[in-house]
Amino acid sequence: MKEVRVGILGLGTVGLGVARILIEQQALMAKRLGKTLKLVAAADRDLNRDFGLDLSGVTLYDDAAALVVADDVDLVVELIGGYEPARTFVASALEHGKHVVTANKALIAKHGEELFKQAADKGVSIGFEAAVGGGIPCLKALREGVAANNIQSVYGILNGTCNFILTKMENEGADYADVLKEAQELGYAEADPTFDVEGIDTAHKLSILAAMAFGSHIKFDEVFTEGISKIGAADIEAVHELGYRIKLLGIAKPHGENGEVTQVEMRVHPTLVPLTTQIAQVSDSYNAVMLSGDFVEHTVYIGRGAGERPTASAVVADIMDITRVLPNGVEFLAPPMGYVASERQALETLPMADVQSEYYLRIMVKDKPGVIASVTSILADHQISLEAMQQKEHDTGEVVPVMILTHETTEGNLQAAMSRITALAAVEDEVLILRKESFAA
Ligand code: HSE
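What counts and how
- Residues numbered from 1 in each chain as written.
- Predicted model: local features only at pLDDT ≥ 70, side-chain atom pairs only at ≥ 80, totals over all residues.
- Heavy atoms only, no water.
- Helix = DSSP H or I, 4+ residues; strand = E, 2+ residues; numbered from the N terminus.
- Rg over C-alpha atoms; globule rule 2.2 N^0.38 Å.
- Buried < 20%, exposed > 50% of the residue type's maximum accessible area, 1.4 Å probe, protein only.
- Contact = heavy atoms within 4.5 Å.
- Areas by Shrake-Rupley, 256 points an atom, 1.4 Å probe, with all protein chains shown as cover.
- Lys, Arg positive; Asp, Glu negative; His and termini not counted.
- Charge placed at Lys NZ, Arg CZ, Asp CG, Glu CD.
- Pairing = 2+ DSSP bridges.
- Axes fitted to C-alpha atoms, helices over the stretch in contact; angles between N-to-C directions.
- Parallel < 35°, antiparallel > 145°, perpendicular 65-115°, else oblique.
- Left-handed = near helix turned anticlockwise from the far one by under 90°.
- Nonpolar A, V, L, I, M, F, W, Y, C, P; charged D, E, K, R; others polar.
- Domains from an automatic or database assignment.
- Buried area = accessible area lost by both parts, 1.4 Å probe.
- Salt bridge = Lys/Arg side-chain N within 4 Å of Asp/Glu carboxyl O.
- Polar contact = N/O pair within 3.5 Å; in protein donor to acceptor, adjacent residues only side chain to side chain.
- Near = heavy atom within 4 Å.
- Phe/Tyr/Trp six-rings, centres within 6.5 Å; stacked < 30°, edge-to-face > 60°.
- Lys NZ or Arg CZ within 6 Å of the ring centre and 35° of its normal.

Asks: Which parts of the structure should I look at to understand the overall build of the chain?
Replies: When helices and strands are tallied, the chain shows 14 helices and 18 strands. The C-alpha radius of gyration computed for the chain amounts to 24 Å, which stays within 12% of the reference 22 Å derived for 441 residues, consistent with globular compactness. Principal axes of the C-alpha set define a box for the chain whose edges measure 80 × 50 × 35 Å. Expressed as a percentage of the 441 residues in the chain, the buried residues total 54%. Restricting the contact set of the chain to residue pairs at least 6 apart, pairs at least 24 apart contribute 74%. Accessible surface, the chain as shown: approximately 18600 Å² in total, 49% of it carbon and sulfur. Placing the 37 positive and 62 negative side-chain charges of the chain at their respective mean positions leaves the two points 5 Å apart.

Pasting the structure below:
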């Protein structure tokens, strides 16, 4: 097979980026592959617009269902996004013996298990590098590069939009809504930006990483998920003074005994990371994935996590991997989730109450005698030890923020203490609870 014919579903930001690479880098890819990749078809609901690309010779469809069954297409690239109709089109493409490459993390997180099975039954491949970490080849690193290791932890800044927002709020004092709008204009944000800011997009990506790291099934619905929408400029400044930066992190860790993984911890939330760590330096739309393994130790992968060109770069890398082994060698590709299918297990998710963490608490209290004593005595009752505490000067009698950093405790214990603290008459408003992580790198 000297020529592989590619069809793209969705000529949005990433779809046009993929079309651009396939056209502009064709000669380079032919040198790397010894085969030609040819863009033969594309589908989009709106064909009456200027794509800014010469698509002559490309058959244009306004109906994706027709493209996925076209005889002259060997490989379908799904860049529509979202659960449906993307799932239906991908399933149809696989059913018709087409290989599929997608950047759709929502699709893989929710329907990956059934799609992998369908692809295996049909003897075709499904690539999804661009679904996690944008342009960073982090899935390839996890699936192949560190495959000789028991993975000990996965940390990721996995959403370019949130990282862009947090960076601009900290560096420029920018307003949350303005920065979100800018991220949308730059093509970083999801069609529904609440997926970004409420952590859902990060949870999609983390569930894929965790399953690949620990040989478990993808369990997106079980990821504990909190977003960044409650974080204010004052919190960013306050934690900075304490030596930390807030990042929206996805965190996955294995639990078990004697080297056997029985439970997987998966959580997404705004996290305090020490300013001195590599992950704290990752700014703007950049993503970072930190994988630790028992032999390799700490590895960190950093790159653009969103946007047309970086995401398209990862999509085309998958297309090239599949092209390399065609016509009949998909068994020479690493299994999509990094373990042979029969060895993957439906591991339990660690209940959030059992998760161990350190915490940052921002408690709004009336400034009157004995309030701090009441708060700290409740923490002491729950064996929660304090690492630092801060209250700024102010006029007496006002409501003031008290910031507390704790040592490690369980989430269940912390929540039990917090429900007693919020019930105190001197405590006003909701307490802001942020989790804190210490890193070796
Ligand atoms: N909305 C996503 C982000 C796009 O901001 O990271 C890349 O998956």
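Asks: Would you take a moment to explain helix α4 (residues 86–95) for this structure?
Replies: Since one α-helical turn is 3.6 residues long, residues separated by three or four positions face the same way. Listing the buried residues of α4 in full gives A86, F89, V90, A91, A93 and L94. Residues of α4 that are buried in the fold lie against β1 (3–9), α3 (64–67), β4 (75–78), β5 (99–102), α5 (105–122) and β6 (126–127).

Asks: Is there a simple way to think about the sheet that holds β6 in this case?
Replies: Paired through backbone hydrogen bonds, the strands of a sheet run either parallel or antiparallel to each other. Ordered in space as β3-β2-β1-β4-β5-β6, the 6 strands form an open sheet in which the pairing is parallel. At either end of the open sheet lies a strand with only one pairing partner, and these are β3 (59–61) and β6. Bridge count for strand β2 (residues 36–43) against β3 is 3 bridges, and the pairing is parallel. Note that in β3 the partner of A41 across the bridge is T59. Along the sheet face, helix α1 (residues 13–24) touches β1 and β2 and points at about 160° away from the line of β1.

Asks: Looking at this structure, how should I read the packing of α1 against helix α12 (residues 308–325)?
Replies: When two helices pack together, their arrangement is captured by the angle between the axes and the distance separating the axes. For the pair α1 and α12, interaxial distance at closest approach is 8 Å and the crossing angle is 60°. Relative to α12, the element α1 is oriented oblique. For the crossing formed where α1 meets α12, the hand is right-handed. Listed contacts from α12 to T13, V14, L16, G17, V18, R20, I21 and L22 of α1 are E308, R309, T311, A312, S313, V315, V316 and I319. Along the lines of polarity and charge, the residues of the contact of α1 with α12 split into 9 nonpolar, 4 polar and 3 charged.

Asks: Got a minute to help me understand the domain arrangement of the chain in this structure?
Replies: For interface size, the figure often reported is the accessible area lost on association. You can read the domains of the chain as domain 1 (3–135 + 309–343), domain 2 (138–304) and domain 3 (352–436). Taking only C-alpha atoms, the centre of domain 1 and the centre of domain 2 are 26 Å apart. On the domain 2 side, the residues contacting the 25 residues of domain 1 number 26 residues. Between domain 1 and domain 2, a total of about 2000 Å² is buried, with carbon and sulfur atoms accounting for 61% of that surface. Where domain 1 packs against domain 2, one counts 4 salt bridges. One salt bridge in this structure joins K105 and E190, with 2.9 Å as the shortest N-O distance. At the boundary of domain 1 with domain 2, the tally comes to 11 residue pairs in polar contact (both at pLDDT 80 or more). The biggest single contributor to the side of domain 1 that touches domain 2 is α5, with 7 residues. Grouping the amino acids of the side of domain 1 that touches domain 2 by side-chain chemistry returns 14 nonpolar, 5 polar and 6 charged.

Asks: Where do I start with the site of the ligand in this structure?
Replies: Contacts to the ligand come from K105, N159, G160, T161, Y188, A189, E190, D196, D201, K205, G305 and A306. T161 places a polar side-chain atom, nitrogen or oxygen, 2.6 Å from an oxygen atom of the ligand. A distance of 2.6 Å is found between a nitrogen atom of the ligand and a side-chain nitrogen or oxygen belonging to E190. Relative to its unbound accessible surface of 250 Å², the ligand loses 94% to contact with the protein. Secondary-structure elements contributing two or more residues to the shell around the ligand are α7 (160–172) and α10 (200–214). Of the residues assigned to the shell around the ligand, the class counts are 3 nonpolar, 4 polar and 5 charged.

Asks: Where do I start with the pairing of strand β10 (residues 260–274) in this structure?
Replies: Where burial is concerned, most of β10 is hidden: 12 out of the 15 residues are buried. Where strand β8 (residues 224–225) meets β10, 2 bridges bridge the pair, whose relative direction is parallel. What sits directly across from F224, in β10, is R267. The sheet contact formed by strand β9 (residues 244–257) and β10 spans 14 bridges and is antiparallel.

Asks: For this particular structure, what's the right way to read the side chain of N149?
Replies: Of note, N149 is situated in the loop between α6 (138–145) and β7 (151–157). The exposure class assigned to N149 is buried, which follows from its relative accessible area of 13%. A polar contact of 3.4 Å, which involves the side chain of N149, links it to the backbone nitrogen of D294. In this structure, N149 is in contact with G293, D294, F295 and V296, ignoring residues within four places of it in sequence.

Asks: Any chance you could explain the packing of aromatic side chains here in plain terms?
Replies: To describe a pair of aromatic rings, one takes the distance between the centres and the angle between the planes. This structure, assessed with the given rule, holds 2 aromatic pairs. With a centroid separation of 5.5 Å and 80° between ring planes, the pair formed by F164 and Y188 is classed as edge-to-face. Note that F164 is positioned in helix α7 and Y188 in the loop between α8 (176–185) and α9 (194–197), a separation of 24 residues in sequence. Classification of F164 by relative accessible area gives buried; the value is 5%. Residue placement shows K110 over the ring face of Y83; its charged tip is 5.2 Å from the ring centre.

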